[in-house]
Amino acid sequence: VSPAFRPEGCRTFHDILRFCHEKAVEALIAAHSQPGVAGTADGPQLAADIPISLQLIDLGGGLDGDPTRAGERKKVSVEAIRSLPFRALLAGLADKTVWDREPVPFGFRDLMSSFGRPLAALAGGPHYSGENLAILAENYCNLSLRLGYHFNVIDAYLAADPDDNYIYFRFVGGMAEEPKRLRRLELIARVLLSLQFRVERQGDLLVAKVKMLAPEHMEETLSRLGELIGFTRQLDVRMADDSAVERFFELFLARIRRGRPQETP
């Protein structure tokens, strides 16, 4: 982050809005990082055929029914989702072809690498020990996912006016040795760039942003992000050499964007 990225560095209304949004997202990430935050929240679990457990918090308009009575429900079906950005994300997450359910080919170097790294880093973010959590409203969602040993955040607003629309995506962590983690990050960056994101990287942290997309373009992009999350969940241990970046990039295009399932290399 630039040293000028602080209140004194703001020169325009755009600077102020960007600074406030970045700090708001950081606050949400910090809240998710607190032990038991999701477990103490008064929200139901999503009932969907995806290989992750996900708790929902409705700010109003995100789910069918009265959000003040959310604690009375233990499960919520996909059909009850009213949050526009979250529904688009779920369209990608629910694609069974993107999730690799085979045993992970975990090598000795990957194991030794994990021994040399603190548990917080392996959990996918600074001090992250929370649960998978989605904060929803009709036009907004903030999704935080810990998938194995990495951490995903998507913060998105989707409405009719393209000027209001944005997607913030954050990815950090992994358990494989560093070269493999960085190759997976390169793959994710390539996919995001193809989706018109602006991408920034630092170590094994990636932050990507896109804004002012038409609603139908936003829905398509969020669906692709859902697919990308599933596709890359355990992929770091498979990134054995630099050629794997191109190979899996082409596989993602073929299986996901063109709808042509192929065997994983």
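In this report, the structure presented in the accompanying data block is examined. The structure presented is a predicted model; accordingly, all values stated were derived computationally and were not measured. (Residues numbered from 1 in each chain as written. Predicted model: local features only at pLDDT ≥ 70, side-chain atom pairs only at ≥ 80, totals over all residues. Heavy atoms only, no water.)

Section: the overall build of the protein chain
Then step 1. The secondary structure content of the protein chain amounts to 8 helices and 9 strands.
Then step 2. Scored against the burial criterion, the 265 residues of the protein chain give a buried share of 47%.
Then step 3. Put simply, of all contacts in the protein chain between residues at least 6 apart along the chain, 63% involve residues at least 24 apart.
Then step 4. Total accessible area on the protein chain is roughly 12,900 Å²; 55% of this is exposed by carbon and sulfur atoms. (Helix = DSSP H or I, 4+ residues; strand = E, 2+ residues; numbered from the N terminus. Buried < 20%, exposed > 50% of the residue type's maximum accessible area, 1.4 Å probe, protein only. Contact = heavy atoms within 4.5 Å. Areas by Shrake-Rupley, 256 points an atom, 1.4 Å probe, with all protein chains shown as cover.)

Re the packing of aromatic side chains
Then step 1. Across all of its chains, the model carries 2 aromatic pairs by this definition.
Then step 2. On the numbers, 6.4 Å between centres and 70° between planes, the contact of F231 with F248 is edge-to-face. With F231 in helix α7 (residues 215-231) and F248 in helix α8 (residues 243-257), the pair connects residues that are 17 residues apart, well separated along the chain. The burial state of F231 is the same as that of F248; both residues are buried.
Then step 3. Seen in terms of ring centroids, F231 and F252 are 5.3 Å apart; in terms of plane orientation they differ by 70°. Their pairing is edge-to-face. Of this pair, F231 sits in helix α7 while F252 sits in helix α8, and the two are 21 residues apart along the sequence. (Phe/Tyr/Trp six-rings, centres within 6.5 Å; stacked < 30°, edge-to-face > 60°.)

Topic: the nonpolar core
Then step 1. Core analysis: the biggest nonpolar cluster contains 54 residues, and L56, F86, F169, L222 and L225 have the highest contact counts within it.
Then step 2. Among the elements that take part in this core, α8 stands out by supplying 7 residues, more than any other.
Then step 3. Aside from chain neighbours lying at most four places away, what touches L225 is L89, I154, I167, F169, L192 and F197. (Core = buried A, V, L, I, M, F, W, Y, C linked by side-chain atoms within 4.5 Å.)

Observations regarding the environment of D155
Then step 1. Counting through the fold element by element, D155 comes out in strand β6 (residues 150-157).
Then step 2. Once the C-alpha coordinates of D155 and Y140 are considered, the two residues, 15 residues apart in sequence, prove to be 7.7 Å apart.
Then step 3. For D155, the side chain forms a polar contact with the side chain of Y140, separated by 2.4 Å. (Polar contact = N/O pair within 3.5 Å; in protein donor to acceptor, adjacent residues only side chain to side chain.)

Some words on the environment of A160
Then step 1. Along the polypeptide, A160 turns up in the loop between β6 and β7 (166-173).
Then step 2. When its relative accessible area of 68% is taken as the criterion, A160 is described as exposed.
Then step 3. It is 9.3 Å that separates the C-alpha atoms of A160 and E216, two residues lying 56 residues apart in sequence.

A word on the side chain of N142
Then step 1. Here N142 shows up in strand β5 (residues 140-147).
Then step 2. Within the structure, the side chain of N142 is placed 2.8 Å from the side chain of D155, a separation counted as a polar contact.

Points about the packing of helix α6 (residues 178-194) against α7
Each pair of packed helices gets described by two things: the angle between the helix axes and the distance between those axes.
Then step 1. Running from amino to carboxyl end, α6 crosses α7 at an angle of 165°, the nearest separation of the two axes being 11 Å. Taken together, the axes of α6 and α7 are roughly antiparallel relative to one another. Crossing angle aside, the handedness with which α6 passes α7 is right-handed. Between α6 and α7, the contacting residues are L187, I188, V191 and L192 on the first element and L225, L228 and F231 on the second.
Then step 2. Its residues placed into classes, the contact of α6 with α7 shows 7 nonpolar, no polar and no charged. (Axes fitted to C-alpha atoms, helices over the stretch in contact; angles between N-to-C directions. Parallel < 35°, antiparallel > 145°, perpendicular 65-115°, else oblique. Left-handed = near helix turned anticlockwise from the far one by under 90°. Nonpolar A, V, L, I, M, F, W, Y, C, P; charged D, E, K, R; others polar.)

Distances and angles like these do not, on their own, reveal function.
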